[in-house]
Amino acid sequence: MNIHIISVVPELLESPFAHSIMKRAADKGLLQVTVHHLRKWAINEYGTIDDYAFGGGAGMVMMCEPLVKAIEELSAAAPFDEIIFFTPDGKRFDQPTANELSLKENMLFICGHYKGIDQRVRDHFITREISIGDYVLSGGELAAAVVVDAVGRLIPGVLNDETSALFDSFQDNLLAPPVYTRPEVFRDWKVPDVLLSGDHKRIEEWRYEQALKRTQEKRPDLLEGE
Ligand code: 6GU
């Protein structure tokens, strides 16, 4: 999978993909993330990429020309399956969306800043608008990093044990059950007996009950659609 990201603060996108599972995905050739600085397509030698909003009001708007030039130049190399704009007024990102995006080959992510981007870019080029939650970030970069991580780990071969993504919280609308590791007793807190029983059927039943209980307690909204 190829993901291109257009940003005015590309430094924010250096570290998130350089470690751990995202690094392994890159090293294995399964996920390539390329970050482009929007200034490269600035309208003048001063690096201008934004301007005042027509109609007035505080805040700058990212201009059509740099964005459209960037989109057209990058699309010419290989057409994009999706051109996604990160914005707090987008559709809330969730696991089904991550699953869907994990099937794409070539995507372009555009990170907004300031008061957003000229609406004409949204109208004519953007295939999907994503928000990562109901709060405002200072730019789309951290949101884009969240989506790259959530999507990247679903690409077959990225996780060591491919089944492990199947048991993630949310994949079945349930939160994951509690987990424990050695020692069996820490202070006087003991690991539940069933997990030490070696009885895999009982263990699976226990895990399912716990997942259900946790979901009822913490996120009853996840069960309501059932
Ligand atoms: Cl995608 N962008 C910004 N700026 N703020 C957000 C967001 C995105 N998602 C939630 N808040």
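Thresholds applied
Residues numbered from 1 in each chain as written. Predicted model: local features only at pLDDT ≥ 70, side-chain atom pairs only at ≥ 80, totals over all residues. Heavy atoms only, no water. Helix = DSSP H or I, 4+ residues; strand = E, 2+ residues; numbered from the N terminus. Expected span 1.5 Å × (residues − 1). Buried < 20%, exposed > 50% of the residue type's maximum accessible area, 1.4 Å probe, protein only. Contact = heavy atoms within 4.5 Å. Near = heavy atom within 4 Å. Polar contact = N/O pair within 3.5 Å; in protein donor to acceptor, adjacent residues only side chain to side chain. Areas by Shrake-Rupley, 256 points an atom, 1.4 Å probe, with all protein chains shown as cover.

Engineer: So what exactly am I meant to see when it comes to helix α2 (residues 64–77) here?
Structural biologist: Each full turn of the α-helix corresponds to 3.6 residues, which orients residues three or four apart in the same direction. With 14 residues, α2 extends 20 Å between its outermost C-alpha atoms, agreeing within 8% with the 20 Å of an ideal straight helix rising 1.5 Å per residue. Cys64, Pro66, Leu67, Val68, Ala70, Ile71 and Leu74 are the residues of α2 that are buried. Each element contacted by the buried residues of α2 is listed here: β1 (2–7), β2 (32–37), β4 (60–62), β5 (82–92), β6 (106–111) and α4 (119–124).

Engineer: Explanation requested: the site of the ligand in the structure shown.
Structural biologist: Not every one of the 13 residues close to the ligand is listed here, only the nearest: Thr87, Ile132, Gly133, Tyr135 and Leu137. Ile132 places a polar main-chain atom, nitrogen or oxygen, 2.9 Å from a nitrogen atom of the ligand. Measuring from a nitrogen atom of the ligand, one finds a backbone N or O atom of Leu137 at 3.0 Å. If the ligand stood free it would expose 290 Å²; the protein chains cover 96% of that surface.

Engineer: Where do I start with unusual backbone geometry in this structure?
Structural biologist: In this chain, Arg182 is followed by Pro183 through a cis amide linkage whose omega measures 5 degrees. In this structure, Pro183 sits in the loop between α5 (141–152) and β8 (185–186). Look at Ser20: it is not a glycine, yet its phi comes out positive at around 55 degrees. Relative to the assigned elements, Ser20 resides in helix α1 (residues 20–27). Judged by its relative accessible area of 58%, Ser20 is exposed.

Limitation: the analysis is restricted to geometry and does not speak to function.
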